Amino acid sequence: MPPGGATCRCIAYTLRGWSVCWPGAAVKIYVRLDKIMNIPPKKNDHATINRQKIMKTALERFLDYVRVETTSQPEQEIVPSTSCQFDLAKILENELRELGLADAAVDEHCYVMATLPATEGKEAVPVIGWIAHLDTAPDVSGKNVNPQVIDYRGGEIGLSSGKTIPEDDALKSCLGHKLVTTDGTTLLGADNKAGIAAIMTALNRLIAENKPHGTLRVCFTPDEEVGNGTKLFDLAKFGAKYAYTVDGELPGELNRETFTAKMATITVIGREIHPGTAKGIMINAARVAAEIVALMPKDQAPETTEGYEPYLHPYSIDAGTARATIKSLLRSFHDDDMKKLEIHLEQVIEQVKSQFPGVEITLSFKEQYRNMQERLNDCPEVLEKLEEAARRTARIAKTANGQTDIDPHWKPIRGGTDGSRLTEMGLPTPNIYTGGHNFHSVTEWLSVNHLETTVQTLINLAAVWADDV
Ligand SMILES: [Zn+2]
């Protein structure tokens, strides 16, 4: 469907240099002529845009997106790491154009970008970006996702695969909500397709309800889950002054802090010889690697820490007698804690070297991303506007049902987002909730009620920025 909605408005399109339009062929002809004739998108065609209706709910959009496989793959040189991510990117490009964002485009690296121009009188509002990633984590299959929509009445949730979603505090807080789960054989992809659905629906509603807003830029990124979401992100082309990733969890949780992240690679070179004549000669690199891991602090591991506590996480060992490689994540919120982790690892290596005379061990660190708080504190406006938008959303929820379970607060993320790198690159980018939970697992779920809260928060965020101008 071309911009303008279901009703054919041939005159409007023809006047704008597009083709004549007849039912069933409008999209193809619009796209082709637009490209062939190189007609620039009209900057702000409210006459067309504002006639739109709300096309789909956030839930409908979400269910469409999760059915498209977009699993990314680690340690690939190219972006995107998997070509299937283009399948969703192209769908999103078309949907953005249908909404009226005429410059929507997917680039060769699978970044989808589009602009919603400012409404009249709001051109001076700073350009704000909304960002979500379109890939899903490689940890669990994202193929043939079979979403289940249920009305949650309490207790654990049984999935058709036989797995269950335990009744934790997050689930308890969603009593009476409509939830989306998987069938227990794949992840759901709420991380981060809930963010995409929220952004699309918020754009749709801003346009349909003719709400004042500044210029909004949208970007859907590939390969976030494998650490490359910002690798080829063109900041100049994006052109936003501030941005928000919509990639968090439960409503109320706003994120301005992420871990600072490093990866350690430890290489062990042993001495190989036939085991029958090995006495006093062999140095078994596999045994050395096992000793190194054994000496890593067990009380500073992902499974034993929470909140602001740092950790060392040996997540991969590739070992034989002659050679072994250990990969370990280092995560902390503070630079001094990171330094302590590095020193600890260096001491472990020294100790193991003395235990295995003749062994060669090398250790190297690579920074992956930095805690974004330091730089975000330099531009408090981007945080204050988000907090105000979340507070307005909480007030609306309270008015509607007499109570609210949304308590806007800042929560550190024990991980990173595209915003961690973008902030470091010069685009301050805190993170907003989506309503999803148990990411990267077959027990992942999404509250549809909370997804609606996210949509409302984005609409309020656009309003908060526009209010000052
Ligand atoms: Zn995510």
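See the structure shown above.
Computed from a predicted structure; not experimentally measured.

Conventions adopted
Residues numbered from 1 in each chain as written. Predicted model: local features only at pLDDT ≥ 70, side-chain atom pairs only at ≥ 80, totals over all residues. Heavy atoms only, no water. Buried < 20%, exposed > 50% of the residue type's maximum accessible area, 1.4 Å probe, protein only. Helix = DSSP H or I, 4+ residues; strand = E, 2+ residues; numbered from the N terminus. Contact = heavy atoms within 4.5 Å. Salt bridge = Lys/Arg side-chain N within 4 Å of Asp/Glu carboxyl O. Pairing = 2+ DSSP bridges. Axes fitted to C-alpha atoms, helices over the stretch in contact; angles between N-to-C directions.

(A) The arrangement of helix α4 (residues 58–66) in detail. Among the 9 residues in α4, 7 count as buried, and that is most of the element. Buried within α4 we find A58, L59, R61, F62, L63, Y65 and V66. Each element contacted by the buried residues of α4 is listed here: α5 (85–99), β4 (148–151), β7 (178–181), α7 (190–208), β18 (445–447) and α14 (448–467).

(B) Local environment of the pattern of salt bridges. A complete count under the given rule lists 19 salt bridges for this structure. R61 is the salt-bridge partner of E95, the closest N and O atoms lying 2.9 Å from each other. Of this pair, E95 sits in helix α5 while R61 sits in helix α4; the two residues are 34 residues apart in sequence, bridging distant segments of the chain. Classification of R61 as buried rests on a relative accessible area of 2%.

(C) Fine view of the pairing of β7. Where β4 and β7 come together, 4 bridges link them in antiparallel fashion. Pairing of D151 across the sheet is with K178, part of β7. By the bridge criterion, 2 bridges tie β7 to β18 in an arrangement that is antiparallel. By the bridge assignment, L179 is partnered in β18 with S447.

(D) Expanded view of the sheet that holds strand β3 (residues 128–133). Spatially, 6 strands are ordered β1-β2-β8-β3-β9-β16 in an open sheet, and the strand pairing comes out mixed. Strands with a single pairing partner mark the edges of an open sheet, and in this sheet they are β1 (105–106) and β16 (431–432). Where strand β9 (residues 242–246) meets β16, 2 bridges bridge the pair, whose relative direction is parallel. For V246, the partnering residue across the bridge sits in β16 and is I432. The strands touched by α7 are β2 (112–116), β3, β8 (216–221) and β9; relative to β3, the strand with the most contacts, the crossing angle is about 145°.

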